[in-house]
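Coordinates in review
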Amino acid sequence: KIAPKSTAVNGSGGKSLLKESEELMTHSKFGLPAPLLTSFMIDTSETLCLQISPVLKETNDFALAGMFNLPPLDRLVEIATSSQGEARRVIEVSCSPSTRARNLSSLVANVCCKVTLVDGAHPFVQLFIEPRVVMTNRLPVSVLLRTPMPHTLVSSNSDSGGESLEHDDDSKYATHELASKESVEVFTPGPSIAISLTCADVPIGGTAIGWNEGGWLDIPLGKNKKILEPLKCTFPFETKSLDSYPSSCKTTSVGSGSEFFVLEADDVTPDLKQTVTRTSGSSDSCRTVVIMVCNYVVDHIGSILFEEVAPSDNTARRSSSTRSSINSSFLDSSPPFSAFSSRLHRRRVSLLPRSSNLIRLVQLTMDGDEGMKRSVPFRIEDVSMTEGIDAMPILWMDTTPTGFFLYRHLTTEGSELHVVPEYVVFNGSNDVIVVKQLSKNPFSLDSSKIYPIERDRNNSIVVQFDIPSLNALTGPVQIDKVGLRICVARSKSTGEALGSLAVQTVIGARDSRLVIKIGAFNAGEEQSTESSVSSSLFEHDLIRFRVRWSEMRVTLKDTSFGENEKYEENRAAIRKYLEHHNINSSEVEQRLAE
């Protein structure tokens with residue numbers, strides 16, 4: 001919160017005109033009294049001086065104050081009519097303690113002066129009080145941002161907002177927890193601010209990571225100060241977590257953690273350097289520094305990890321050899337990247353390296369190196385950008401299918417990778433259904449829920465559907481091929497047919513390559529009782545159309561009895577209406593005579 005005051009200053013000194021009304025000015029928007037502006041407009045030697053006083057949370061008073069002068073009238077006109085389109089000027093205002101006895105640090109804010117002309121001659125000035133820089137978390141996971149500098153505030157558009165943390169052992173540091181898309185506003189004095197970053201959440205899989213490597217990151221502050229090149233940073237793997245992967249610890253040619261970048265919002269990540277040029281920042285926006293990663297993966301399966309691989313022979317890094325020859329040359333690998341539970345995607349996510357680096361999929365069958373099943377290496381830039389049936393298949397190292405598929409979406413930073421199963425089962429009925437597959441553990445599926453399912457050793461999916469609420473079970477049915485099947489459900493006690501389930505296998509989208517949809521249970525006529533009759537005619541009916549047409553014609557026909565009689569009654573009513581209103585039309589008479 002900032003409370004402005006206004007003062008007219010000339011060569012003889014200054015006098016505050018709003019001292020008695022300070023409590024009325026603690027608002028995000030304010031106006032200036034007309035008497036001040038009158039003298040300012042008449043005498044161009046007059047300078048309009050404004051004072052701002054931040055209201056700090058810890059003091060709750062006007063302990064800090066800073067003053068700045070608006071440009072003279074003729075200069076305001078020049079700013080508004082500038083041919084370069086720079087009708088906006090930024091003024092850095094330093095707010096210092098009013099008395100030296102107060103043990104407070106100075107606060108610096110940017111006052112943005114935007115000028116437009118009214119009637120082509122009179123300047124209209126808008127003042128915006130902004131932070132020196134806004135640092136935004138664009139990672140798909142929450143982060144902790146720590147700084148020894150004063151006056152950093154969390155800003156958030158979400159209802160929950162960001163969280164500022166204080167640690168007893170690190171009381172000299174300010175620590176903020178930032179969810180994805182949340183920001184910290186910086187009002188720190190000085191030429192730069194030092195920050196340190198780490199992921200806020202404990203990983204639910206993979207290798208734990210710590211605070212960014214190399215200590216404090218120095219972010220320049222001030223007018224026309226920017227980060228010239230993206231700062232490449234690393235969340236290093238924690239030493240105690242590496243004990244679980246002894247073979248990966250011997251590797252020195254692979255990265256030692258998860259990389260990320262700190263850069264200006266109008267800059268581009270290294271992944272996009274060759275295709276996108278840096279854009280000039282908008283003159284109407286506050287300077288923003290973003291924390292981002294080039295690529296990350298969303299795990300729709302819930303048990304997949306990724307690791308980076310490197311060639312044992314450096315000459316093979318960018319070879320154009322076939323996939324089978326690449327497998328034999330890549331032997332070294334990093335520990336598995338951390339997997340986090342993402343509130344944004346509601347699935348597991350992992351931070352990945354650049355698109356040109358080779359990575360591979362890892363599935364854990366047990367803890368440690370012995371239980372890691374690895375796929376053939378691939379590059380993110382080679383992954384299909386089409387979801388569903390065209391997603392890219394992944395093979396194990398022995399070239400057998402994994403049953404997992406990959407596709408990616410382009411983002412402003414790089415790529416959002418998705419690993420999905422080949423099949424998911426969707427329960428579209430109103431009953432809980434237990435899916436039983438040969439040589440697999442059965443699983444229960446609530447209404448409107450999905451669950452991944454794999455092929456068996458015969459490369460097919462044969463299942464039975466159990467409906468506990470009806471004590472009904474269908475016969476075995478093969479559902480791995482696209483098509484519609486009707487499954488008869490019989491009583492498990494008597495063997496009597498109780499009804500049927502419609503099961504349809506269709507092309508998937510974001511969550512899988514193919515979707516197996518289970519329809520509502522259709523009871524036979526003998527099962528329909530008075531208690532089970534629906535209170536609404538269309539309560540459980542669903543009609544879904546997928547149509548491509550350029551023209552549609554609809555014909556409505558009255559199918560009730562006595563069509564001719566009803567038509568004659570309507571014709572007589574029309575004639576009576578025309579006679580009553582003295583309407584004489586030969587065209588209407590001709591129509592009625594037909």
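Here's a quick rundown of the structure. Note that the structure is a prediction, hence the values are computed from the model and not measured.

1. Things to note about the overall build of the protein
Each helix and strand in the protein was counted, giving seven helices and 40 strands. Residue burial in the protein is summarised as follows: out of 594 residues, 42% are buried. Expressed as a percentage of contacts within the protein between residues at least 6 apart in sequence, the contacts between residues at least 24 apart total 60%. When the accessible surface of the protein is totalled, it reaches about 33,500 Å², and 50% of it is carbon and sulfur.

2. Points about the pairing of strand β15 (residues 217-220)
Along any regular strand, the residues point their side chains to alternate faces of the sheet. Burial along β15 is one-sided: the residues L217 and I219 are buried and none of D218 and P220 is. Note that strand β14 (residues 192-199) and β15 share four bridges and pair antiparallel. If you follow S192 over to β15, its bridge partner there is P220.

3. Here we look at the nonpolar core
By size, the foremost hydrophobic cluster in this structure holds 50 residues, and its most contacted members are L197, V262, F306 and F378. If we skip the residues at most four places from it in the chain, F306 touches V297, P335, P336, F337, L352, I359, R360, L361, F378 and V419. Counting 23 residues, the second-largest nonpolar core is a separate cluster that includes I453, I461, V477 and C487.

4. Examining a nonpolar patch on the surface
Nonpolar side chains collect at one region of the surface, where W549, M552 and V554 lie side by side and expose about 380 Å² of accessible area between them. As for its position among the elements, M552 is in the loop between β40 (522-523) and α6 (563-580). Exposure remark for M552: the relative accessible area of 52% places this residue in the exposed category.

5. Concerning the sheet that holds strand β23 (residues 347-352)
With mixed pairing, the six strands of this open sheet are ordered in space as β22-β23-β19-β29-β28-β27. Every other strand in the sheet has two partners, leaving β22 (340-342) and β27 (392-395) as the edge strands with one partner each. Within the sheet, the average angular offset between the axes of one strand and its neighbour, ignoring direction, is 35°. In the sheet, β27 pairs with strand β28 (residues 401-410) via three bridges, with the strands oriented antiparallel. Across the sheet, M392 pairs through a bridge with L406, a residue of β28.

6. Notes on the environment of V425
Within the fold, V425 resides in strand β30 (residues 423-427). Distance from V425 to L445, taken between C-alpha atoms, is 8.5 Å for residues 20 residues apart in sequence. When sequence neighbours within four positions are dropped, the list of residues in contact with V425 reads V435, F443, L445, K449, I450, Y451, I453, I516 and I518.

7. Quick word on unusual backbone geometry
In this structure, K181 is a non-glycine residue whose phi angle is positive, near 80°. Topologically, K181 is positioned in the loop between β12 (174-178) and β13 (183-186). At S439, a position not held by glycine, the phi torsion is positive, near 65°.

8. Section: the packing of aromatic side chains
Enumeration according to the criterion identifies five aromatic pairs in this entry. For the ring pair F235 and F260, a centre distance of 4.1 Å and an interplane angle of 15° mean the geometry is stacked. Taken together, the positions of F235 in strand β16 (residues 231-236) and F260 in strand β17 (residues 257-264) put the pair 25 residues apart, joining distant regions of the chain. Taken individually, F235 and F260 each receive the classification buried, so the pair is uniform in this respect. A centroid spacing of 4.3 Å and a plane angle of 25° characterise the contact between F443 and Y451, whose relative ring orientation is stacked. Across the ring face of W211, the terminal group of R146 is positioned such that the distance to the ring centre comes to 4.0 Å.

9. As for the state of the cysteines
Summed over the entire model, instances satisfying the criterion amount to zero disulfides. There is no disulfide at C112, and the cysteine sulfur nearest it, in C286, is 6.8 Å away.

10. Describing the sheet that holds strand β8 (residues 133-137)
Judged by pairing direction, the sheet is mixed, and its six strands sit side by side in the order β10-β13-β8-β18-β17-β16 without closing on themselves. Among the strands making up the open sheet, the edge pair consists of β10 (152-155) and β16. Between one strand axis and the next, the sheet turns through 25° on average, direction left out of account. The pairing of β8 with strand β18 (residues 288-292) spans four bridges and is classified as parallel. Note on β18: the bridge partner recorded for T136 is V290.

11. Describing the environment of P140
Tracing the backbone shows P140 in the loop between β8 and β9 (143-147). Separated by 204 residues in the primary sequence, P140 and L344 place their C-alpha atoms 7.1 Å from one another. Sequence-distant contacts of P140, defined by excluding residues within four places in its chain, comprise S180, V293, Y296, S342, H345, V349 and L351.

12. Here we look at the pattern of salt bridges
Considering all chains together, one arrives at 17 salt bridges under this definition. As a salt-bridge pair, R455 and E422 come within 3.1 Å of each other at their nearest N and O atoms. Of the two residues, R455 is situated in the loop between β33 (450-453) and β34 (462-467) and E422 in the loop between β29 (415-421) and β30; the sequence distance between them amounts to 33 residues. Owing to a relative accessible area of 26%, R455 belongs among the partly exposed residues under this scheme. Via salt bridges that share partners, E422, R455, D480 and R513 belong to a single interconnected network.

The rules behind each value
- Residues numbered from 1 in each chain as written.
- Predicted model: local features only at pLDDT ≥ 70, side-chain atom pairs only at ≥ 80, totals over all residues.
- Heavy atoms only, no water.
- Helix = DSSP H or I, 4+ residues; strand = E, 2+ residues; numbered from the N terminus.
- Buried < 20%, exposed > 50% of the residue type's maximum accessible area, 1.4 Å probe, protein only.
- Contact = heavy atoms within 4.5 Å.
- Areas by Shrake-Rupley, 256 points an atom, 1.4 Å probe, with all protein chains shown as cover.
- Pairing = 2+ DSSP bridges.
- Core = buried A, V, L, I, M, F, W, Y, C linked by side-chain atoms within 4.5 Å.
- Patch = residues over 30% accessible without salt bridge, like charges linked within 9 Å, V, L, I, M, F, W, Y side chains within 5 Å.
- Salt bridge = Lys/Arg side-chain N within 4 Å of Asp/Glu carboxyl O.
- Axes fitted to C-alpha atoms, helices over the stretch in contact; angles between N-to-C directions.
- Phe/Tyr/Trp six-rings, centres within 6.5 Å; stacked < 30°, edge-to-face > 60°.
- Lys NZ or Arg CZ within 6 Å of the ring centre and 35° of its normal.
- Disulfide = S-S within 2.5 Å.

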